[in-house]
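# Structural description and commentary
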Amino acid sequence: MRRIAHLRWWIVGLICAGTIANYLARNSLGVLAPELKTVMHMTTEQYSYVVGGFQLAYTVMQPVAGMIVDRIGLRAGFALFGAAWSVANMLHALAAGWLGLVFFRGLLGMFESAAIPSGIKAIAEWFPARERSVAVGWFNAGTSLGALLAPPVVAIVMIYTDWRMAFVVTGAVGLLWSLAWWVFYRSPGNHPKITHHERMLIADGRTAPLDRRASAREILGTARFWIIAVPRFLAEPAWQTFSFWIPLYLATERGMDLKQIALFAWLPFLAADLGGVLGGYLSPFLVTRFRLPLIASRVAGVALAAVLMIAPGCIGLAASPYTAIALFCVGGFAHQMISVLINTLSADVFTPEEVGAANGFIGQAGWVGGLLFSLLIGQLADTVGYAPLFGMLSVFDIIGAVVLIAGLRHLRLPEPVK
């Protein structure tokens, strides 16, 4: 059988395609928000509950989904969750009011929660530690690409059909991806296309397999978990705000219509793609150029990105909507640097057998932060405006970087097989 050189990078491409499908479905709501508020007579507070329905279900399910994938395996687990989130997104077309949207968003959140833990688990299985940040950067680019594609795709479907068909189209993409994942994915030890050289490269420095999976209590009882989870809790509100609130902000505060939003709302996610990919390469650059230890290079990258996150905190000072979009772009770039490096840290300090559950709990911490902040926006945006809320995002990320720096001594790579 013909072998494929560098197969692990093809696997990253397949994971990236899954996150594109995931975020295309997820971000369709944000693009449709101005239309849905009109046709369903929703208030901003009610829209925040729709967003919160997704976030609450996603938050609760992330560690559960991670443990399910750890138990039944990546091939079956990721494919099943992918098909389920696709159907859930298509069911949004049946919603008759905002309460119906809350229900269907909850279903979507339950099933989409498996995407990031599954992707991180696959990278932990397929990549040696020195390459993981680059792989996570490319995998994480799918989150931004999906968010980037949502405004033009949804706008085009809306022009020719209606909002219901927009949910159907964006959901159907995930069904195609789920089939591709089931057909093509295997673990490194079982993949028929992997070369012997690549299998040995992946095995180099690999930790010894665990006799049993760590329990939730054991994972939550470690210092390394909390040192990663707290910065994730503080960083995630920014991405939730960009994903669910930018179109509504541009419509209500900057007076843009759907076509203008479609033309400009994707730009922060293009910048986020660049930040995610460059963030992945930043860590090995710091190791090579400045001789930083691997873990310290991840933390240094997070600190640099936290400084850049000051930009979206200044959106309230922007005189024009185009300046505001430019500041959103800097924020998207910086946030995805942070996201890539924090997710890579979870793959670094936890073994492949436990990283699905560990990353799920870390993701849960982040989504608790995102949920609470979205509800805060829903309560305050119509009274105090968006400007002070965007300012809070900058402060959160700087605090998160300080926590990582202070806890650096507790973050270690697992011992390799002797």
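Attention in this report is confined to the structure presented alongside it. Along each chain, numbering runs from 1 in the same order as the chain's sequence is written. Whole-chain, interface and lining totals are the exception, using all residues; otherwise, since this is a predicted model, local features are given only for residues with pLDDT of at least 70 and side-chain atom pairs are given and counted only at 80 or more. Where side-chain values are given, they derive from all heavy atoms of the structure, hydrogens and water being excluded.

In this scheme Phe, Tyr and Trp rings, the latter by its six-membered ring, pair at centre separations within 6.5 Å, and the angle between planes marks the pair as stacked below 30 degrees, edge-to-face above 60, and tilted otherwise. Using the criterion set out here, one finds 27 aromatic pairs in the structure. Arranged with centres 5.3 Å apart and planes meeting at 85°, the rings of Tyr47 and Trp245 form a pair that is edge-to-face. Taken together, the residues span a long stretch of sequence, with Tyr47 in helix α2 (residues 44-72) and Trp245 in helix α10 (residues 223-252) at a distance of 198 residues. One exposure class covers both Tyr47 and Trp245, and it is buried. With centroids separated by 5.3 Å and ring planes inclined at 65°, the aromatic side chains of Phe264 and Tyr322 adopt a geometry described as edge-to-face. A residue pair is termed long-range when its members are at least 10 positions apart, and Phe264 in helix α11 (residues 258-264) and Tyr322 in helix α14 (residues 321-349) qualify at 58 residues. Working definition: with a 1.4 Å probe on protein chains only, accessible area under 20% of the residue-type maximum means buried, over 50% means exposed, and in between means partly exposed. A residue is classified by how much of its surface remains accessible, and Tyr322, at 47% relative accessible area, is partly exposed. One aromatic cluster is present, built from ring pairs that chain together Phe78, Trp85, Trp177, Trp181 and Tyr185. Two limits define a charge over a ring: the Lys NZ or Arg CZ must be within 6 Å of the ring centre, and within 35 degrees of the ring normal. Its end group placed over the ring of Phe290, Arg289 keeps NZ or CZ at 5.5 Å from the ring centre. Strands are runs of DSSP state E lasting at least 2 residues, helices are runs of H or I lasting at least 4, and numbering of each runs from the N terminus.

The next subject is the environment of Ala155. As for its position among the elements, Ala155 is in helix α6 (residues 129-160). A sequence separation of 104 residues divides Ala155 from Lys259, and the C-alpha atoms of the two residues are 7.1 Å apart. What Ala155 contacts, discounting residues up to four positions off in sequence, is Ala150 and Ala262. Residues are treated as being in contact if the distance between any of their heavy atoms lies within 4.5 Å.

As a packed pair, helix α12 (residues 267-290) and helix α13 (residues 294-308) sit with axes 8 Å apart at the nearest point and diverge in direction by 120°. When the axes of α12 and α13 are compared, the pair comes out oblique. In terms of crossing hand, the pair formed by α12 and α13 is right-handed. Residues Leu282, Ser283, Leu286 and Val287 of α12 form the contact with α13, whose own contacting residues are Leu294, Ser297, Arg298, Ala300, Gly301 and Leu304. Only Asp, Glu, Lys and Arg are considered charged, only Ala, Val, Leu, Ile, Met, Phe, Trp, Tyr, Cys and Pro nonpolar, and every remaining residue, Gly among them, polar. Of the residues contributing to the contact of α12 with α13, the split by class is six nonpolar, three polar and one charged. For helices, the axis comes from a line fit to the C-alpha atoms of the stretch in contact; other axes are also lines fit to C-alpha atoms, and the angle between any two N-to-C directions lies between 0 and 180 degrees. Relative orientations are named as follows: roughly parallel for angles under 35 degrees, roughly antiparallel for angles over 145 degrees, roughly perpendicular for angles from 65 to 115 degrees, and oblique for any other angle. Here a crossing is taken to be left-handed if its near helix is turned anticlockwise relative to the far helix by less than a right angle, and right-handed if that turn runs clockwise.

Only buried Ala, Val, Leu, Ile, Met, Phe, Trp, Tyr and Cys residues count toward a nonpolar core, and they belong to the same one when joined by side-chain atoms within 4.5 Å. Within the largest apolar cluster, 125 residues are counted, with the highest numbers of intra-cluster contacts made by Leu36, Tyr47 and Trp181. Sort the elements by how many residues they give to this core and α10 lands first, with 15 residues. Leaving out residues up to four positions away in the same chain, Leu36 has contacts with Leu29, His41, Met42, Leu101, Trp163 and Phe167.

What follows concerns the pattern of salt bridges. Every case where a carboxyl oxygen of Asp or Glu lies within 4 Å of a side-chain nitrogen of Lys or Arg is listed as a salt bridge. If you walk through the whole model with that rule in mind, you get nine salt bridges. The residue Arg8 makes a salt bridge to Glu198 at a minimum N-O spacing of 2.9 Å. In this pair, Arg8 is assigned in helix α1 (residues 7-39) and Glu198 in helix α8 (residues 196-203), connecting sequence segments 190 residues apart. Judged on exposure class, the residue Arg8 and its partner Glu198 are both buried. Between Glu354 and Arg224 there is a salt bridge, and its shortest N-O distance comes to 3.6 Å. Taken as a pair, Glu354 in the loop between α14 and α15 (355-384) and Arg224 in helix α10 lie far apart in primary sequence, 130 residues in all.

For the rest of this paragraph, the subject is unusual backbone geometry. One non-glycine residue with positive phi stands out, namely His6, at about 55°. The topology assignment puts His6 in the segment before α1. A positive phi angle is found at His41, which is not glycine, with a value near 55°. Take His41: it is sitting in the loop between α1 and α2.

Here helix α4 (residues 98-112) is 15 residues long and its end C-alpha atoms lie 20 Å apart, about the 21 Å a rise of 1.5 Å per residue gives. Three or more residues of α4 are buried, namely Leu101, Phe104, Arg105, Gly106, Leu108, Gly109 and Glu112. Those residues of α4 that are buried lie in contact with α1, α2, α3 (74-90), α5 (115-126) and α10. Here, expected helix span is obtained from the residue count minus one, scaled by 1.5 Å.

The next thing to look at is the environment of Trp266. By the secondary structure assignment, Trp266 is in the loop between α11 and α12. For the pair formed by Trp266 and Leu74, sequence separation is 192 residues and the distance between their alpha carbons is 31 Å. Apart from the residues lying within four places of it in its own chain, the contact partners of Trp266 are Leu148 and Pro151.

When its relative accessible area of 7% is taken as the criterion, Arg8 is described as buried. In the analysis that follows, any N or O atom pair within 3.5 Å is treated as a polar contact, provided that within protein one partner can donate a hydrogen and the other can accept it, and provided that, for residues neighboring in sequence, both atoms belong to side chains. Engagement of the side chain of Arg8 in a polar contact is seen with the side chain of Glu131, the distance being 2.9 Å. Beyond its immediate sequence surroundings of up to four residues, Arg8 is in contact with Trp126, Phe127, Glu131, Glu198 and Leu201.

Now for the environment of Arg186. Note on placement: Arg186 falls in the loop between α7 (163-184) and α8. By relative accessible area, which is 26% here, Arg186 ends up partly exposed. In the structure, Arg186 is positioned 51 residues away from Ala135 in sequence and 17 Å away in space, judged by C-alpha atoms. A polar contact is formed between the side chain of Arg186 and the backbone oxygen of Val183, at a distance of 3.4 Å.

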